[in-house]
Amino acid sequence: MSKKSSLGRGLDALLGKPAESAPGTQVQSLKIEKIVQAAYQPRQVFTPDSLAELAQSIRDKGVLQPLLVRPRDDHFEIVAGERRWRASQVAGLTELPVIIRDLGDREALEIAIVENLQREDLGALEEARAYQALMEQGLNQEGVAQAVGKSRSAVSNALRLLTLPAPALRALDDGQISAGHARAILAQPDGDRAWALEQITARSLSVREAEALKREKREPTPVKVNPPRAYRQVELDLSRRTGTRVRITGEDKGRVELNYASREELDRILEILGYAAEE
């Protein structure tokens with residue numbers, strides 16, 4: 001069976017099941033300090049409670065399944081089994097059972113993603129970032145879908161979460177909102193996404209309520225149009241000449257306003273403009 005057709009069948013298909021005598025399949029024992037975490041690990045969150053439970057199980061029964069590692073300089077990088085490695089350190093182990101395989105970056109990444117998807121659910125953003133990392137290794141969305149045994153639409157929907165505004169990404173990472181909330185935010189127009197996040201978190205909306213959010217469209221506020229620059233200059237000239245405030249409104253049609261506070265001031269302004277007050 002070709003590698004491409006086996007990827008979507010899960011971890012066993014990726015690892016294969018060669019004969020025990022085949023090179024690189026024997027379980028070996030490595031000092032724990034010789035093992036390092038992967039340069040890229042899909043899972044970013046390892047809860048203390050979960051690790052404590054696994055550590056207790058390891059104390060009681062040992063590490064039942066070996067880690068898969070690959071050689072890296074004078075150390076061995078974890079491909080599958082980082083939770084067991086972390087929990088073993090909590091349990092105080094000094095050596096761990098491993099299977100050593102010489103794997104390329106993309107193959108190692110595929111195995112790491114599938115292991116996490118099968119054995120413990122990844123967070124929504126962890127999954128999306130893992131798919132993005134595979135695409136950076138040269139796969140398209142269809143190739144990623146085949147690699148992890150998902151539909152292309154599931155991969156596309158996961159990747160779309162990475163287009164969330166930064167505050168929504170943080171809220172999803174921190175568990176303040178769910179992936180369902182995130183998709184409801186993405187369904188909003190770009191300008192309303194920050195508003196939708198604020199509504200969801202402030203009102204503790206359910207996913208269904210978030211999906212029903214619709215921002216009321218406000219009537220645009222009338223914009224005050226200032227007079228053209230030429231008229232503003234005329235206003236200033238008339239104000240200096242008459243000694244009072246002058247305002248011109250409109251363009252092709254409008255009015256000229258001169259302010260006065262008394263009959264005497266009006267007479268003074270009219271006289272300046274060339275009009276004599278009637279007796």
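Residues numbered from 1 in each chain as written. Predicted model: local features only at pLDDT ≥ 70, side-chain atom pairs only at ≥ 80, totals over all residues. Heavy atoms only, no water.

Going by an unreviewed UniProt entry, the protein carries the name Putative chromosome 1-partitioning protein ParB and comes from Deinococcus arenae. One UniProt comment on the protein, placed under Sequence similarities (unreviewed entry), says "Belongs to the ParB family." (UniProt positions renumbered as here; feature names shortened; annotations may be inferred.)

## Looking at the sheet that holds strand β5 (residues 95–100)
Ordered in space as β1-β5-β3-β4-β2, the five strands form an open sheet in which the pairing is mixed. A single partner strand is all that each edge strand has here, and the edge strands are β1 (28–31) and β2 (35–36). Pairing analysis gives four bridges linking β1 to β5, with the strands arranged antiparallel. Each bridged residue has a counterpart across the sheet, and for Ser 29 the counterpart in β5 is Pro 97. (Pairing = 2+ DSSP bridges. Helix = DSSP H or I, 4+ residues; strand = E, 2+ residues; numbered from the N terminus.)

## A closer look at the nonpolar core
Counting 19 residues, the largest nonpolar core has Leu 161, Leu 164, Leu 172, Ile 177, Ile 185 and Ile 200 as the members making the most contacts within it. Of all the elements in the fold, those that place two or more residues in this core are α9 (166–174), α10 (179–186) and α11 (193–203). The contact partners of Leu 161, leaving out residues within four places of it in the chain, are Ala 124, Leu 125, Leu 169, Leu 172, Ala 179, Ala 182, Arg 183 and Leu 186. Grouped together as the second largest cluster of nonpolar side chains are 18 residues, Leu 67, Ala 87, Ala 91 and Leu 96 included. (Core = buried A, V, L, I, M, F, W, Y, C linked by side-chain atoms within 4.5 Å. Buried < 20%, exposed > 50% of the residue type's maximum accessible area, 1.4 Å probe, protein only. Contact = heavy atoms within 4.5 Å.)

## Side note on the environment of Val 90
Within the secondary structure, Val 90 is located in helix α4 (residues 82–91). Val 90 sits 38 residues away from Ala 52 along the chain, and the two C-alpha atoms are 7.4 Å apart. Setting aside its immediate chain neighbours within four residues, Val 90 contacts Ala 55 and Arg 59.

## Quick word on the pairing of strand β3 (residues 67–72)
Where β3 and β5 come together, three bridges link them in parallel fashion. Looking at the pairing, Val 69 lines up with Ile 100 of β5. With five bridges connecting them, β3 and strand β4 (residues 75–80) associate as antiparallel partners. Each bridged residue has a counterpart across the sheet, and for Leu 68 the counterpart in β4 is Ala 80. Joining the antiparallel neighbours β3 and β4 is a turn of two residues, in which Asp 73 adopts a positive phi near 55 degrees.

## Observations regarding the pairing of β4
Counting buried positions over the six residues of β4 gives five, a clear majority of the element. As paired elements, β2 and β4 share two bridges and run parallel to each other. When the sheet's bridge partners are listed, Val 36 is paired in β4 with Glu 77.

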